[in-house]
Amino acid sequence: MDHFPTNWGRPNYNTFDAHATYPLHVHPQPSSSADGVQHTQQPIVTGTSVLALKYKDGIMLAADNLASYGSLARFKGVQRLQAVGDYTIIGASGDMADFQYLQYILDNLIISEEINPQDGHKLGPSEVHEYLSQLLYARRSRMNPLWNSVLVGGFRDGQRFLAYVDLLGTTYKASTLATGYGAYIAQPLLRKAVEGKEDTLTEDEARKIMEDCLRVLFYRDARSINQYQIATISAAGASISGSLKLETSWGFAEGIRGYGGQTQ
Amino acid sequence: MPDMSVLAGPQQHQFNPYAENGGTILAIAGADFTVVAGDTRQSEGYSIQTRYAPKVFRLTDRAVLAVNGFAADGNMFVKKVKQRLEWYRHAHAKDMPLRAIARLIQTMLYAQRFFPYYVYNILGGIEEDGSGAVYSFDPVGSYEREACRAAGAAQSLVQPFLDNQIYFKNQTAAPGQSHPTHLPLSDVLSIVIDSFTSATERHIEVGDGLEIYIVLAKGRSLQGVEGLRGLREMSSREDGERVFVLQRELKKD
Amino acid sequence: MRYQSHDVDEFAHVRIASYWPRRVSAVGTRVQPSVLSTPSPPPLFSMFRNTYDSDNTVFSPQGRLHQVEYALEAVKQGSAAVGLRSKTHAVLLALKRSTGELASYQQKMIRIDDHVGIAIAGLTSDARVLSNFMRQQAMSSRMTFNRPVPVNRLVSTIADKAQVNTQEYGRRPYGVGFLVIGQDHTGPHLYEFSPSGTSFEYYAISIGARSQSAKTYLEKHYESFADSNLEDLIRHGLHALRETLQQDKELTINNTSIGIIGPKGPHEKVVSEEGSFRILEGEPIDVYLKTMEAKAAPEAAAPPPAVGDEDVQMAE
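Residues numbered from 1 in each chain as written. Chains lettered and ligands numbered in written order. Predicted model: local features only at pLDDT ≥ 70, side-chain atom pairs only at ≥ 80, totals over all residues. Heavy atoms only, no water.

Asker: I tried to follow the overall build of chain C on my own but got confused; where do I start?
Answerer: When its secondary structure is counted, chain C shows eight helices and 10 strands. Counting every position in chain C, which comprises 316 residues, the buried fraction comes to 51%. Surface accessibility of chain C: about 15800 Å² in total, with carbon and sulfur atoms responsible for 54%. (Helix = DSSP H or I, 4+ residues; strand = E, 2+ residues; numbered from the N terminus. Buried < 20%, exposed > 50% of the residue type's maximum accessible area, 1.4 Å probe, protein only. Areas by Shrake-Rupley, 256 points an atom, 1.4 Å probe, with all protein chains shown as cover.)

Asker: For this particular structure, what's the right way to read the sheet that holds strand E2 (residues 90–95) of chain C?
Answerer: By way of backbone hydrogen bonds, the strands of a sheet pair with one another, either parallel or antiparallel. All names here are of chain C. The sheet built from five strands is open, its strands ordered E8-E1-E2-E9-E10 with antiparallel pairing. Strand pairing shows two members of the sheet lacking a second neighbour, strand E8 (204–207) and strand E10 (278–281), which therefore form its edges. Across the sheet, the mean angle from the axis of one strand to that of its neighbour is 15 degrees, orientation sign disregarded. As paired strands, strand E9 (residues 256–261) and E10 are joined by four bridges and run antiparallel to one another. Bridging from a neighbouring strand, Gly-259 pairs with Ile-279 of E10. Across the face of the sheet, helix H7 (residues 230–242) comes into contact with strand E1 (81–85), E2, E9 and E10 while running at roughly 30 degrees to E2. (Pairing = 2+ DSSP bridges. Axes fitted to C-alpha atoms, helices over the stretch in contact; angles between N-to-C directions. Contact = heavy atoms within 4.5 Å.)

Asker: Sorry if this is basic, but what is going on with the environment of Tyr-213 of chain B here?
Answerer: All names here are of chain B. Secondary-structure assignment places Tyr-213 in strand E11 (residues 209–216). When the C-alpha positions of Tyr-213 and Arg-58 are compared, they lie 8.2 Å apart, and in sequence the two are 155 residues distant. Apart from residues lying up to four places away in sequence, Tyr-213 is in contact with Thr-34, Val-35, Val-36, Val-56, Arg-58, Val-64, Met-234, Val-243, Phe-244 and Val-245.

Asker: What is the right way to look at the interface of chain A and chain C in this model?
Answerer: Quite often, the size of an interface is put as the accessible area lost when its parts meet. Contacts between the two partners involve 14 residues from chain A, matched on the other side by 11 residues from chain C. Inspection of the chain A/chain C interface yields three salt bridges. For Arg-153 of chain C, the salt bridge is made with Glu-113 of chain A, and the minimal N-O distance between the two is 2.6 Å. At the level of secondary structure, the elements contributing two or more residues to the side of chain A that touches chain C comprise helix H1 (96–115) and helix H2 (125–141) of chain A. By residue number, the principal contributor to the side of chain A that touches chain C is H2 of chain A, which donates five residues. (Salt bridge = Lys/Arg side-chain N within 4 Å of Asp/Glu carboxyl O.)

Asker: Explanation requested: the pattern of salt bridges in the structure shown.
Answerer: Where side chains of opposite charge bring their charged atoms close, a pairing between them can arise. Evaluated as defined, the whole model comprises 42 salt bridges over all chains. For Arg-171 of chain C, the salt bridge identified is with Glu-168 of chain C, shortest N-O distance 2.9 Å. What emerges from the salt-bridge pattern is a single network uniting Glu-86, Arg-89 and Asp-95 of chain B together with Arg-111 and Asp-114 of chain C.

Asker: What am I meant to see in the sheet that holds strand E10 (residues 148–152) of chain B here?
Answerer: All names here are of chain B. Spatially, six strands are ordered E10-E1-E2-E11-E13-E12 in an open sheet, and the strand pairing comes out antiparallel. The sheet terminates laterally at E10 and strand E12 (231–233), the two strands that pair on one side only. The average angle at which neighbouring strand axes cross in this sheet is 15 degrees, direction not considered. Note: E12 against strand E13 (residues 242–249), three bridges, orientation antiparallel. Opposite Arg-232, over in E13, you have Val-245 as the bridge partner. Against the sheet, helix H3 (residues 155–165) touches strand E1 (24–29) and E10, its axis set at about 170 degrees to E10.

Asker: Explain the packing of aromatic side chains here, please?
Answerer: Each aromatic ring pair is summarised here by two numbers: the centre-to-centre distance and the angle between the ring planes. All chains considered together, the criterion is met by 14 aromatic pairs over all chains. By the ring-pair criterion, three or more aromatic residues cluster together here, those being Tyr-18, Phe-70, Phe-115 and Tyr-118 of chain B. A cation sits over an aromatic face here: Arg-140 of chain A above Tyr-18 of chain B, 5.4 Å from the ring centre. Note that Lys-161 of chain C overlies the ring of Phe-133 of chain C, its terminal NZ or CZ placed 4.5 Å from the centroid. (Phe/Tyr/Trp six-rings, centres within 6.5 Å; stacked < 30°, edge-to-face > 60°. Lys NZ or Arg CZ within 6 Å of the ring centre and 35° of its normal.)

Asker: I would appreciate a short explanation of the packing of helix H3 (residues 182–194) of chain A against helix H4 (residues 203–220) of chain A in the present structure.
Answerer: The relative placement of two packed helices comes down to the angle between their axes together with the axis-to-axis distance. Residue and element names in this part refer to chain A. Running from amino to carboxyl end, H3 crosses H4 at an angle of 155 degrees, the nearest separation of the two axes being 10 Å. It follows that H3 is roughly antiparallel to H4 by the angle criterion. In this structure, H3 meets H4 at a crossing whose hand is right-handed. Seen from H3, the contacting residues are Gly-182, Ile-185, Ala-186, Leu-189, Leu-190, Ala-193 and Val-194; seen from H4, they are Ile-209, Cys-213, Val-216, Leu-217 and Arg-220. In terms of residue class, the contact of H3 with H4 is made up of 10 nonpolar, one polar and one charged. (Parallel < 35°, antiparallel > 145°, perpendicular 65-115°, else oblique. Left-handed = near helix turned anticlockwise from the far one by under 90°. Nonpolar A, V, L, I, M, F, W, Y, C, P; charged D, E, K, R; others polar.)

Spatial relationships are all this shows, so hold off on functional conclusions.
Written out as structure tokens, the structure is:
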């Protein structure tokens with residue numbers, strides 16, 4: 001998983017702007033549309049990692065509240081976790097406009113599939129995930145992708161559900177998942193903390209693991225911020241916390257020697 | 001400071017609708033059985049996305065399809081093949097024969113000739129004459145019936161091994177003897193498992209788990225299959241061809 | 001609801017009424033006596049049995065759509081089908097006709113998906129079109145949501161489709177009725193679909209020729225169905241279906257079809273774990289036919305069948 005949404009779905013191209021430090025609209029566009037309509041696009045305002053894990057009672061998801069514009073921390077109060085129906089929570093990284101469009105689509109889906117019929121046939125997490133996968137795959141097949149990586153967590157009929165889908169329509173399931181930079185930094189930590197303990201981890205323990213991962217991400221991911229939300233979905237239903245603040249300590253920086261601006 | 005000189009020339013930053021998700025698949029046909037196997041790791045680059053994503057699917061009681069390449073295309077392709085087979089069942093009240101499924105797959109792949117499914121398919125199963133068969137495909141539909149085939153990330157590691165062990169390439173039979181045309185099931189299973197443990201050892205995209213589908217011809221005795229550890233039956237009836245799946249662990253590093 | 005036939009004279013007046021300015025009574029559209037004295041219609045019109053029936057988008061003065069009612073008649077022309085439901089199973093039983101010694105028996109049941117099947121009465125060709133549509137709906141649900149389509153939604157969809165044909169100019173209603181059985185996470189279900197565009201859920205129901213006799217049987221016994229096992233449910237179904245036969249006919253392995261949804265019964269060999277829809281025909285149903293109890297001797301003479309409700313001649 002590439003840390004930079006700008007690079008998702010593209011061939012590796014490291015000679016240009018390898019660290020995504022330039023505003024995204026500066027990125028070179030494909031030359032003018034002389035040879036037809038160009039759907040090709042790039043993410044503009046982006047969210048970074050989303051994390052999720054299975055614990056004893058259900059699924060926990062976490063994401064910070066930042067939407068970046070290139071390297072600019074543009075919007076600092078964005079919610080990237082969203083409940084879909086009664087049994088599902090999704091979390092998205094990548095383009096925030098595309099994510100909001102996804103939310104609009106899913107809201108309408110819930111209206112047409114649950115609220116209008118009122119026949120008790122509600123959409124569970126696996127249905128929502130399949131629908132999203134079909135949608136994203138169809139868009140990529142039209143070469144007009146929705147530039148997101150989405151985690152779908154849910155709980156229904158005593159079953160936990162956790163799966164991934166991205167702008168290519170690629171899907172997979174696992175007991176811990178992370179998008180973006182989190183796939184490199186948080187996923188190993190999550191696997192170590194969760195694998196084999198999915199049925200014993202308590203909510204408090206899971207929350208601690210999430211906070212630790214988010215903290216490491218905040219230390220290392222330049223597109224992250226120390227405000228975040230945590231969502232749980234369990235037999236008790238879906239709940240998304242308010243915006244929380246990460247406790248961080250930078251005292252260790254004093255002890256670091258060997259690079260940077262120290263004079264000694 | 002990034003090299004801005006590249007901005008001077010025309011740039012191609014096109015959306016790439018494909019990914020390569022690693023893994024390897026393999027199928028071997030016997031006289032009256034076929035074995036189709038795949039590892040269960042799904043990866044992109046150096047990241048393991050999941051340790052369990054099946055690449056081998058039961059289509060009917062006598063046909064099993066393995067898909068390898070771009071996972072999203074693979075899953076979609078399998079789903080579409082399954083729906084075509086369901087329509088065939090509706091129309092004819094029976095399962096589609098293996099060779100017909102093979103041709104169907106070629107047609108469906110070639111229909112996407114200019115925006116291909118980036119998927120290597122291997123179809124294995126039992127023909128109407130009761131023989132084991134393997135069909136292998138390229139992403140745009142070229143196909144042929146073979147006795148064995150490996151595809152995917154570790155194709156270049158596994159196929160030469162199969163050539164040697166199944167086709168007896170570079171082996172000389174003992175004087176007055178000839179190589180067998182078909183191996184017994186127990187030998188084939190050993191070759192399959194060895195192929196994957198070896199590929200796991202030498203290829204970073206192969207590992208985690210192994211799923212082996214075994215299709216037995218109608219009326220063939222189980223001959224030891226029933227004793228295998230972790231065997232699950234997938235067939236819908238006991239008086240026709242029978243499908244079993246066997247799961248094994250592979251190294252996860 | 002039963003369609004009532006009218007004699008020609010009465011409708012001749014009504015028809016004329018539409019050509020002459022007329023007064024309409026306050027409560028309805030009954031024609032006023034003053035109009036009844038108008039001259040008889042030209043001979044050409046007398047070939048019609050009825051009027052307000054050549055176009056399904058026009059109401060009769062009685063507020064009825066005759067084409068729709070004729071479509072319901074087409075359902076009654078078809079051989080009978082019976083459906084029953086318990087807490088665990090839903091079953092269909094249907095009587096297959098053969099047009100003669102040399103002909104095969106008509107297909108009466110169609111599999112829609114693993115979890116849905118139907119029995120038909122009426123125009124088989126219309127049934128094929130509608131069942132094909134149902135199959136598409138079922139497949140599309142599996143494609144987009146990876147979910148078996150909820151049975152009630154499937155039935156509502158075809159009911160909506162049928163309704164369009166009762167309202168749009170230049171169409172004709174479907175000439176076929178369905179009994180639909182299926183299961184989803186709310187359990188087994190039984191629905192009736194009719195060409196008028198309605199669908200209802202039932203504990204037990206019958207459609208087709210002489211289905212009223214089967215209904216009478218079902219109404220008498222339905223309270224025991226909910227807790228019945230599969231064998232008893234089928235036995236009740238066979239008894240009900242038998243009521244639709246002509247005097248000298250009986251149910252055989254050749255003229256009976258049984259459709260089942262729900263867990264495997266003791267007489268069944270191969271059934272998927274989910275209890276998918278399966279159709280039993282021929283030899284496998286013999287064991288069920290044998291469980292039937294002999295029919296009680298008919299008390300007095302049976303009432304004469306209503307007009308338009310007679311069965312066609314059945315082959316042996």
